[in-house]
Amino acid sequence: MGNNLSADEIRQHLDVADSVGLRDIHIFPELDSTNRWALQHGQCGDVCLAEQQTAGRGRRGRQWESPAGVNLYFSLRWCFAQVPTHLPMLSLVTGLAVAEALDDCAIHGHGLKWPNDVYHTGKKLGGILLEAVGTLDQVVIGIGLNVNMQPGTNSSIDQPWTSLRAVVGANLDRNLLVAAILKRLLPHLRAFPQLDMAQFQRDWQRWDILANSPVRVLSGNEVLEGVACGVDSQGQLRLALNDGLVKVFSSADVSVRM
Ligand code: BTN
């Protein structure tokens, strides 16, 4: 199981500079969804964590499996002074923050599957769901990370998945992980209105697990095959088609062709 989530322990791993923009850390034994709580009750800079979610939300209306006491179900409500024109890039930037945070915790071999899934050796470790609040200047950033869940346990997850425990061979301290994520995520959020898009594009390359892979892209009713070739400076997926043309996608489902 590992230790319980504790706001005090998380704070102990953060210094004053790390915490700029952070307000309260709310921890619940059980919620339907931390994103839902943060949307309804959170204030700017509030973090919401739950030991268990009964209706965890995934992307595209999917359910996020959220068993008790083993994983991270994390939501942060963030407010911008005005709506950033490049807001759609925030979910990719969040992915970068999570990948960097895992690296800081001496976890290696992971990467990002566009737009923002965290993967390790072809299996999903975590996902990100951003939900905007009415006027779009406020967002809830939801992160789900499989931490101490044991692959092989009864699970209804409908895709190959893994956990940090399976990757490193030991249970991880979830409070330390939350602090590591905040240390990376908060600076990215503070800098986001002035995002250097060329730098973002270079940073993304380091984690891109699809680069140079043959992929199938489902976008609306269209299915296209080609080779993934990174993201452009707006965070859109670049797909080299068989005729040599490059097409970009701002939203799509991508699978690797065997
Ligand atoms: C995905 O489908 O890949 C995104 C999953 C996001 C799950 C997290 S868990 C914490 C937060 N609360 C939710 O209800 N969903 C997000």
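Scroll up to find the structure.
Quick look at the structure, then. This is a predicted model, so every value here is computed, not measured.

1. Brief notes about the overall build of the protein chain
At step 1: When its secondary structure is counted, the protein chain shows six helices and 12 strands.
At step 2: The globule rule puts the C-alpha radius of gyration for 258 residues at 18 Å, and the 18 Å found for the protein chain is close to it.
At step 3: Reported as C-alpha extents along the three principal axes, the dimensions of the protein chain are approximately 55 × 45 × 30 Å.
At step 4: For the protein chain, the residues scored as buried account for 50% of the 258 residues in total.
At step 5: The long-range fraction of contacts in the protein chain, counting pairs at least 24 apart against all pairs at least 6 apart in sequence, stands at 60%.
At step 6: For the protein chain, the accessible surface area stands at approximately 11700 Å², while carbon and sulfur atoms represent 49% of it.
At step 7: Across the protein chain, the 22 positively charged side chains and the 26 negatively charged ones have centroids separated by 4 Å.

2. A few points about the state of the cysteines
At step 1: One pass over the structure, following the stated rule, counts one disulfide.
At step 2: C44 shares a disulfide with C79; S-S distance 2.0 Å. Here C44 and C79 share a disulfide; its torsion about the S-S bond, -90°, makes the bridge left-handed. One end of the pair, C44, is in the loop between α2 (34-41) and β2 (47-50); the other, C79, is in strand β3 (residues 72-79), and 35 residues separate them in sequence.
At step 3: For C44, a relative accessible area of 41% corresponds to the partly exposed category.

3. Here we look at the packing of aromatic side chains
At step 1: What the rule picks out here adds up to three aromatic pairs.
At step 2: Their ring planes at 50° and their centres at 5.2 Å tell us that F28 and W37 sit as a pair that is tilted.
At step 3: Using a relative accessible area of 12% as the deciding quantity, one classes W37 as buried.
At step 4: Taking 5.8 Å as the distance between ring centres and 45° as the angle between the ring planes, the aromatic pair formed by F80 and F192 counts as tilted. Of the two residues, F80 is situated in the loop between β3 and α3 (90-104) and F192 in the loop between α5 (174-191) and α6 (197-207); the sequence distance between them amounts to 112 residues.

4. Re the environment of R174
At step 1: Turning to its location among the elements, R174 is positioned in helix α5.
At step 2: The exposure class of R174 is buried, given its relative accessible area of 0%.
At step 3: Sequence separation between R174 and G244 is 70 residues, and the spatial gap between their C-alpha atoms is 46 Å.
At step 4: Not counting the four nearest positions on each side in its chain, R174 is found in contact with N3, N4, L5, E51, G69, V70, N71, L72, V147 and N148.
At step 5: For R174, the side chain forms a polar contact with the side chain of E51, separated by 2.9 Å.
At step 6: Polar contacts involving the side chain of R174 include one to the main-chain carbonyl oxygen of G69, which spans 3.4 Å.

Parameters and conventions
- Residues numbered from 1 in each chain as written.
- Predicted model: local features only at pLDDT ≥ 70, side-chain atom pairs only at ≥ 80, totals over all residues.
- Heavy atoms only, no water.
- Helix = DSSP H or I, 4+ residues; strand = E, 2+ residues; numbered from the N terminus.
- Rg over C-alpha atoms; globule rule 2.2 N^0.38 Å.
- Buried < 20%, exposed > 50% of the residue type's maximum accessible area, 1.4 Å probe, protein only.
- Contact = heavy atoms within 4.5 Å.
- Areas by Shrake-Rupley, 256 points an atom, 1.4 Å probe, with all protein chains shown as cover.
- Lys, Arg positive; Asp, Glu negative; His and termini not counted.
- Charge placed at Lys NZ, Arg CZ, Asp CG, Glu CD.
- Disulfide = S-S within 2.5 Å.
- Phe/Tyr/Trp six-rings, centres within 6.5 Å; stacked < 30°, edge-to-face > 60°.
- Polar contact = N/O pair within 3.5 Å; in protein donor to acceptor, adjacent residues only side chain to side chain.

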